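Listed below are the residues making up each chain.
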Amino acid sequence: MSAETLALPTRRRRRGGDLANRLRPLGVIAVAVVMLLALAALLAPLIAPYDPTIGSVVQRYRAPGPEHLLGTDQSGRDLLSRLLYGARTSLMGAAVVVLLAGAGGTVLALVATWFGGRVDAFVGRVLDLLFAFPNLLLAILVVAVFGTGLAQATVALAVAYVPYTARVLRSVALRERRLAYVQAAELQGLSGVVVTTRHLLPNIAPQILTGAAINFGYAMIDLAALSYLGLGVQAPTADWGLMVSQGQDSLLQGHPQQSLLAGTCIVVAVAAFSVIGERLGGRRAGGRA
Amino acid sequence: MSRFLTRRLGALAATLLVSSFLIYAAMYAAPGTPESFLVQGRTVSAEVLASIRAQYGLDDPFLLRYWHWLIGVLGGDLGESLTTRQDVASLLMSRIPTTLWLTTYAAVLIVVFGVAAGVAAGLRGGVFDTGVLLASSVGFAIPTFFAAVLLMSVFSVTLGWFPVFGSGSGLPDRMLHLTLPAVALAVPAAAVVARITRTAVVEERDAEHVSVALARGVPWRVVARRHIVRNAMLPVTTIVGVNIAALVAGAAVVEHAFTLDGVGALLINAVQQKDFAVVQAVALVLVAVFGLVNLVVDVLYAVIDPRVQLGGESA
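Just so we're clear, the structure is a prediction, and the values are computed from it rather than from any experiment.

## Topic: the overall build of chain A
Here is step 1 of the chain: A tally of helices and strands in chain A yields 10 helices and zero strands.
Here is step 2 of the chain: Expressed as a percentage of the 289 residues in chain A, the buried residues total 44%.
Here is step 3 of the chain: Nonlocal contacts in chain A, meaning residues at least 24 apart in sequence, comprise 68% of its contacts between residues at least 6 apart.

Take a look at the structure:
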């Protein structure tokens, strides 16, 4: 790596700098968007003007106005309130997926790296088997077994994400394991648990974090897709993916607000998380070069 | 090459065998009994229940039932739908054309638009480059089902250019029906491909061999084609392959959105109705296709880059 950097003129590095500068304001916007969405999710019960699950049919398809800022849906429910509450299921669900998959992947990666040999080979085989299933298919199968619902869909996606997380972290941990400080700790007679949790884990933490930020966007999309397919969050709970699906009939009748608003929320949130993930990953790569 | 193929096909067969067991075991472990779906909530006498259990072999031990199912699958008998009593194999065959057309159409769109946008952005730079970068960031964030709803809203409802639902019959009509679904399916993948292609092209453009070629007076057009794009295609092949393989499952969402009669829609309906006979058969077929597509991509990779040795241990 260093030889390559020496041999090349500074052109490559400068272009990287240009690009980073061009996209810098985007990072600030992304963080602001995520904070705003988190606030909306947290404060939904306080700031939502109406109950998200109760509406009256006489109020259906109201245009945006002072009474309903974003209008109402096919059941006369306030769309703004449903979007605010929808932020809760959409963000919380994705957060749980990322947390579970991150924890599972980290444990598998550390166990495989520490014991090596047969254990590593076995973990590798299990991961290969899971890789044989397309992500979404694995999630759909888990839902088929455990039933529909937010909790089931969340676990389903976490299972589907573990192989990717584990594979990336295993390669990082393996590189770290070969370094002198790990061997020094090992020679001092520290137990495997201590070395992995106190020494290895903190040193692969940046990669765990980057992976989580990147996975968050995918998790939001996949979770929304499951809800859209009727396999995730169930009516009448407010959820962005479910709202896109419920709004589809209204859209064909000329009332596109619900689908468009909910879908836009998903796009904005996912874009924000992917910008943050890229930024974290880029900084890491830049730091290492 | 042939040794590589035999080894990989063997590995695929082994994976499918273990997968078939996992899928069957998972469906077996799912709460609820098959006969309760068969009687659909009607109250039936114990004798009828017993005869149903006997007819479907539900009293056999688990391993025996798996064995019977596996032998059937190997002989092309995928079982019988619990809800419609239809033969799953023929049900599946009738659904395959739609999914095949849809995924092929989407794959072509991904390759053509993703790679073209990435190459143009990488070679030209400037405002166009920034535009492609931003568009790919947004495109990646658009879930396929939302792309489907958006396209439907604009091109079917407002403009009336395309039909809203159905798969159509005959080639021109089918293409017309599948255009919006294929575009919806291709959007996020094309965005990722464009992004990766751009990075690869920029990296090659800054490589020393390009400066050398230009210094020797090789025209820019030739350098761009032979030195930059051709070398940049290696990482692109991988990412295109990954994204096309993912269409196998991703098609389900778009088929559901446009009510197309594809394999994915069959799977979703079967899951919703808890028709496990159909779920396990479709899942196994999808895993097989997914494995085959990945195998083809690996072979293609070696064809494009002679330096890649297929004999080595693949990760």
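Moving on, there is more to tell.
## Quick look at the overall build of chain B
Here is step 1 of the chain: In terms of helices and strands, chain B carries 12 helices and zero strands.
Here is step 2 of the chain: Tracing chain B from N to C terminus, the helices and strands come up as α-α-α-α-α-α-α-α-α-α-α-α.
Here is step 3 of the chain: The principal-axis extents of the C-alpha atoms in chain B amount to approximately 90 × 55 × 35 Å.
Here is step 4 of the chain: Put simply, chain B has 315 residues, and 36% of those count as buried.
Here is step 5 of the chain: For chain B, the proportion of contacts with a sequence separation of at least 24, taken over those separated by at least 6, is 74%.

## Some thoughts on the domain arrangement of chain B
Residue and element names in this part refer to chain B.
Here is step 1 of the chain: According to the domain assignment, chain B contains domain 1 (2-74) and domain 2 (93-305).
Here is step 2 of the chain: Relative to domain 2, the C-alpha centre of domain 1 lies at a distance of 34 Å.
Here is step 3 of the chain: Contact with domain 1, which involves 14 residues of that partner, is made by 10 residues of domain 2.
Here is step 4 of the chain: Of all the secondary structure elements, the ones that give two or more residues to the side of domain 1 that touches domain 2 are α1 (2-29) and α2 (34-39).
Here is step 5 of the chain: Take the side of domain 1 that touches domain 2: its biggest share by element is nine residues, from α1.
Here is step 6 of the chain: When grouped by side-chain class, the residues that make up the side of domain 1 that touches domain 2 number nine nonpolar, four polar and one charged.

## Side note on the interface of chain A and chain B
Here is step 1 of the chain: Listed as interface residues are 36 residues of chain A and, on the opposing side, 39 residues of chain B.
Here is step 2 of the chain: For the side of chain A that touches chain B, the secondary structure elements donating two or more residues are α2 (11-47), α5 (135-146), α8 (192-228), α9 (240-252) and α10 (257-288) of chain A.

## Overview of the UniProt feature "transmembrane region" (unreviewed entry) in chain B
Here is step 1 of the chain: Listed under "transmembrane region" (unreviewed entry) in the UniProt record, and renumbered for this structure, are residues 100-120, 132-155, 175-196, 234-258 and 278-304 of chain B.
Here is step 2 of the chain: The span residues 234-258 of chain B is 96% helical and 0% strand by assignment, and the distance between its end C-alpha atoms comes to 35 Å.

## What to know about the UniProt feature "transmembrane region" (unreviewed entry) in chain A
Here is step 1 of the chain: Listed under "transmembrane region" (unreviewed entry) in the UniProt record, and renumbered for this structure, are residues 26-50, 91-116, 136-162, 208-231 and 260-280 of chain A.
Here is step 2 of the chain: Split by type, residues 208-231 of chain A is 88% helix and 0% strand. Its first and last C-alpha atoms lie 29 Å apart.

## Remarks on the packing of helix α3 (residues 79-115) of chain A against helix α4 (residues 117-131) of chain A
All names here are of chain A.
Here is step 1 of the chain: Interaxial distance between α3 and α4 falls to 6 Å at its minimum, and their mutual angle equals 145 degrees. At the point where α3 passes α4, the crossing takes the left-handed sense. For the pair α3 and α4, the contacting residues are Leu108, Val111, Ala112 and Phe115 in the first and Gly117, Val119, Asp120 and Val123 in the second.
Here is step 2 of the chain: Its residues assigned to classes, the contact of α3 with α4 comprises six nonpolar, one polar and one charged.

## Some details on helix α7 (residues 144-158) of chain B
Helical geometry note: an α-helix holds 3.6 residues per turn, so side chains three or four residues apart project in the same direction.
Residues and elements named next belong to chain B.
Here is step 1 of the chain: In this model α7 runs 20 Å from its N-terminal to its C-terminal C-alpha over 15 residues, within 8% of the 21 Å that 1.5 Å per residue would give.
Here is step 2 of the chain: When the local axis directions of α7 are compared, the greatest deviation, roughly 30 degrees, occurs at Met152.
Here is step 3 of the chain: Every buried residue of α7 is accounted for by Thr144, Phe145, Phe146, Ala147, Ala148, Val149, Leu150, Met152 and Ser153.
Here is step 4 of the chain: Positive phi shows up at Gly160, right after α7, with a value of about 70 degrees.

## Some thoughts on the UniProt feature "domain: ABC transmembrane type-1" (unreviewed entry) in chain A
Here is step 1 of the chain: Here, UniProt's "domain: ABC transmembrane type-1" (unreviewed entry) annotation points to residues 87-277 of chain A.
Here is step 2 of the chain: Regarding residues 87-277 of chain A, the helix share stands at 85% and the strand share at 0%, and the terminal C-alpha atoms are separated by 20 Å.

## Points about unusual backbone geometry
Note: most peptide bonds trans; most residues except glycine with negative phi.
Here is step 1 of the chain: A:Pro236 follows A:Ala235 through a cis peptide bond whose omega is 5 degrees.
Here is step 2 of the chain: Assignment of secondary structure puts A:Pro236 in the loop between α8 and α9.
Here is step 3 of the chain: Located in the positive-phi region is B:Thr259, a residue other than glycine, with phi close to 40 degrees.
Here is step 4 of the chain: Residue classification places B:Thr259 among the exposed positions, given that 12 C-beta atoms sit within 10 Å.
Here is step 5 of the chain: Here B:Lys274, not a glycine, exhibits a phi torsion of approximately 55 degrees, which is positive.
Here is step 6 of the chain: You can see B:Lys274 is positioned in the loop between α11 (263-272) and α12 (276-304).

## Comments concerning the environment of A:Leu157
Residues and elements named next belong to chain A.
Here is step 1 of the chain: By the element assignment, Leu157 lies in helix α6 (residues 150-177).
Here is step 2 of the chain: Judged by the 31 C-beta atoms lying within 10 Å of it, Leu157 falls in the buried class.
Here is step 3 of the chain: Taking C-alpha positions, Leu157 is 9.4 Å from Leu226, a pair spaced 69 residues apart along the chain.
Here is step 4 of the chain: Beyond its immediate chain neighbours, meaning those up to four positions away, Leu157 contacts Val97, Ala139, Ala219, Asp222 and Leu223.

## A short note on the environment of A:Gly230
Here is step 1 of the chain: Relative to the elements of secondary structure, A:Gly230 occurs in the loop between α8 and α9.
Here is step 2 of the chain: Sequence separation between A:Gly230 and A:Thr72 is 158 residues, and the spatial gap between their C-alpha atoms is 22 Å.

Criteria and thresholds
Residues numbered from 1 in each chain as written. Chains lettered and ligands numbered in written order. Predicted model: local features only at pLDDT ≥ 70, side-chain atom pairs only at ≥ 80, totals over all residues. Helix = DSSP H or I, 4+ residues; strand = E, 2+ residues; numbered from the N terminus. Buried ≥ 20, exposed ≤ 12 C-beta atoms within 10 Å, placed from the backbone. Contact = placed C-beta atoms within 7 Å. Domains from an automatic or database assignment. Nonpolar A, V, L, I, M, F, W, Y, C, P; charged D, E, K, R; others polar. UniProt positions renumbered as here; feature names shortened; annotations may be inferred. Axes fitted to C-alpha atoms, helices over the stretch in contact; angles between N-to-C directions. Left-handed = near helix turned anticlockwise from the far one by under 90°. Expected span 1.5 Å × (residues − 1). Bend = angle between axes of the 7 residues up to and from the residue.

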